[in-house]
Each structure stands twice: as structure tokens, then as C-alpha cells.
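Here's the letter readout for the chains.
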Amino acid sequence: MVSSTSSAKPVLIVDDDEDTRAALACLLQTEGYATACADNGATALTLLRQEHLEPCMILLDLNMPVMDGATFRNIQRDDPRLAAVPVAVYSGVDDVAKAVDGLCVAHVFQKPLNLKTLVNVVRQHCGH
């Protein structure tokens, strides 16, 4: 699902928790960003490949059913069209930085998210 408040490329939010997706989308839309949402990595890949979604950034939960964040990131990195899209990973695991070691992500967030920092990271990659 893509929601637009501008004509710019959207931020893709990939999270299995519907409330988290909705809250992050609302926050980013309030800040002037278009958003797209997926409930797992497989759905996100479908949006990116079949719907030809071109996000300015991906916000990626690490732990999800169907396809987790690490699996998604590894597939994304192997796709020449998608590899350059920056990814920020977030998770509630104790050492999220260690959990994403080797995934080459732009930023790592520990849950609970610091929303001001998250918006600043999106600004770095998507403008405003």
C-alpha cells in the first residue's frame, strides 16, 4: 500500500506489526514523506519488483514471519536494481547491531525507536 503526501519517492516501511507500520507511516507523512508499507520481506520484494516501487529508503524490522529482515536484506543486496536503496534496520533484540552484522545497513535502531533520530535518518537519505 502506497500513501503519498508528495511526489517524491516513498519510504518503504517493512514490519509485521500493523500498529507500528501505521504509526511510522503517519509520522513520516506528517513530516512530508510519501510512504509504502509491507507486512514482511516477501511482500516488500513483491512491491519492489512487480509494482516497480522505487523508495528513497527502507525501514526494516528484523524479526518477521514469512521472510525476516535479514533474508530480505540479503536478497535486496543481490538485486542490482534494489541494492543501492539504503536500509535502516530496527529490532527489539538485545544486541541489534550484532544481529545485523554483515548486512551493510545505513542505520541500526534499537526498539523502542527514537522517533526524532528516525526522522533525521530519513532526512539524510530522502531529503527535506
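So, a few notes on the structure that sits alongside this text.

Calculation rules
- Residues numbered from 1 in each chain as written.
- Predicted model: local features only at pLDDT ≥ 70, side-chain atom pairs only at ≥ 80, totals over all residues.
- Heavy atoms only, no water.
- Salt bridge = Lys/Arg side-chain N within 4 Å of Asp/Glu carboxyl O.
- Helix = DSSP H or I, 4+ residues; strand = E, 2+ residues; numbered from the N terminus.
- Core = buried A, V, L, I, M, F, W, Y, C linked by side-chain atoms within 4.5 Å.
- Buried < 20%, exposed > 50% of the residue type's maximum accessible area, 1.4 Å probe, protein only.
- Contact = heavy atoms within 4.5 Å.
- Disulfide = S-S within 2.5 Å.
- Axes fitted to C-alpha atoms, helices over the stretch in contact; angles between N-to-C directions.
- Parallel < 35°, antiparallel > 145°, perpendicular 65-115°, else oblique.
- Left-handed = near helix turned anticlockwise from the far one by under 90°.

1. Some details on the pattern of salt bridges
Stage number 1. Considering all chains together, one arrives at four salt bridges under this definition.
Stage number 2. For Asp79, the salt bridge goes to Arg49, with nearest N and O atoms at 3.2 Å. A residue pair is termed long-range when its members are at least 10 positions apart, and Asp79 in the loop between α3 (69-78) and β5 (87-91) and Arg49 in helix α2 (residues 41-49) qualify at 30 residues.

2. A few points about the environment of Phe72
Stage number 1. Take Phe72: it is sitting in helix α3.
Stage number 2. Each C-alpha atom of the pair Phe72 and Asn40 lies 8.6 Å from the other, and the pair is 32 residues apart in sequence.

3. A word on the nonpolar core
Stage number 1. By size, the foremost hydrophobic cluster in this structure holds 22 residues, and its most contacted members are Leu12, Val14, Leu48, Ile58, Leu60 and Phe72.
Stage number 2. Of all elements in the fold, only β2 (11-14), β3 (35-38), α2, β4 (57-61) and β5 reach the threshold of two or more residues within this core.
Stage number 3. Per-element tally for this core: the top contributor is α2, with four residues.
Stage number 4. Leaving out residues up to four positions away in the same chain, Val14 has contacts with Ala38, Asn40, Gly41, Ala44, Ile58, Leu59, Leu60, Asp61, Met64 and Tyr90.
Stage number 5. Among the nonpolar cores identified, the runner-up in size contains 19 residues, and Tyr33, Phe109, Val119 and Cys126 belong to it.

4. Quick word on the state of the cysteines
Stage number 1. Inspection of every chain in the model, using the stated rule, returns one disulfide.
Stage number 2. Two residues share a disulfide in this structure: Cys56 and Cys126, whose sulfurs sit 2.0 Å from each other. Here Cys56 and Cys126 share a disulfide; its torsion about the S-S bond, 90 degrees, makes the bridge right-handed. In this pair, Cys56 is assigned in the loop between α2 and β4 and Cys126 in helix α5 (residues 115-126), connecting sequence segments 70 residues apart.
Stage number 3. Note on Cys26: no disulfide assigned, nearest cysteine sulfur contributed by Cys37 at a separation of 11 Å.
Stage number 4. A residue is classified by how much of its surface remains accessible, and Cys26, at 47% relative accessible area, is partly exposed.
Stage number 5. Unpaired in terms of disulfides, Cys104 finds its nearest cysteine sulfur in Cys126, a separation of 19 Å.
Stage number 6. For Cys104, a relative accessible area of 52% translates into the label exposed.

5. With respect to the packing of helix α1 (residues 18-30) against α5
Stage number 1. Look at α1 against α5: their axes get within 11 Å of each other, and the N-to-C directions meet at 60 degrees. Classified by the angle their axes make, α1 and α5 are oblique. For the crossing formed where α1 meets α5, the hand is right-handed. Contacts between α1 and α5 involve Leu24, Leu27 and Leu28 on the former and, on the latter, Leu115, Leu118, Val119 and Val122.

6. Side note on unusual backbone geometry
With the exception of glycine, the majority of residues adopt a negative phi angle, and the majority of peptide bonds are in the trans configuration.
Stage number 1. Here Lys111 and Pro112 are connected by a cis peptide whose omega angle stands at 0 degrees.
Stage number 2. Within the element layout of this structure, Pro112 appears in the loop between β6 (107-110) and α5.
Stage number 3. Backbone geometry places Val66, a non-glycine residue, at a positive phi of 70 degrees.
Stage number 4. Position of Val66 among the secondary structure elements: in the loop between β4 and α3.
Stage number 5. Although it is not a glycine, Cys104 adopts a positive phi angle of roughly 55 degrees.

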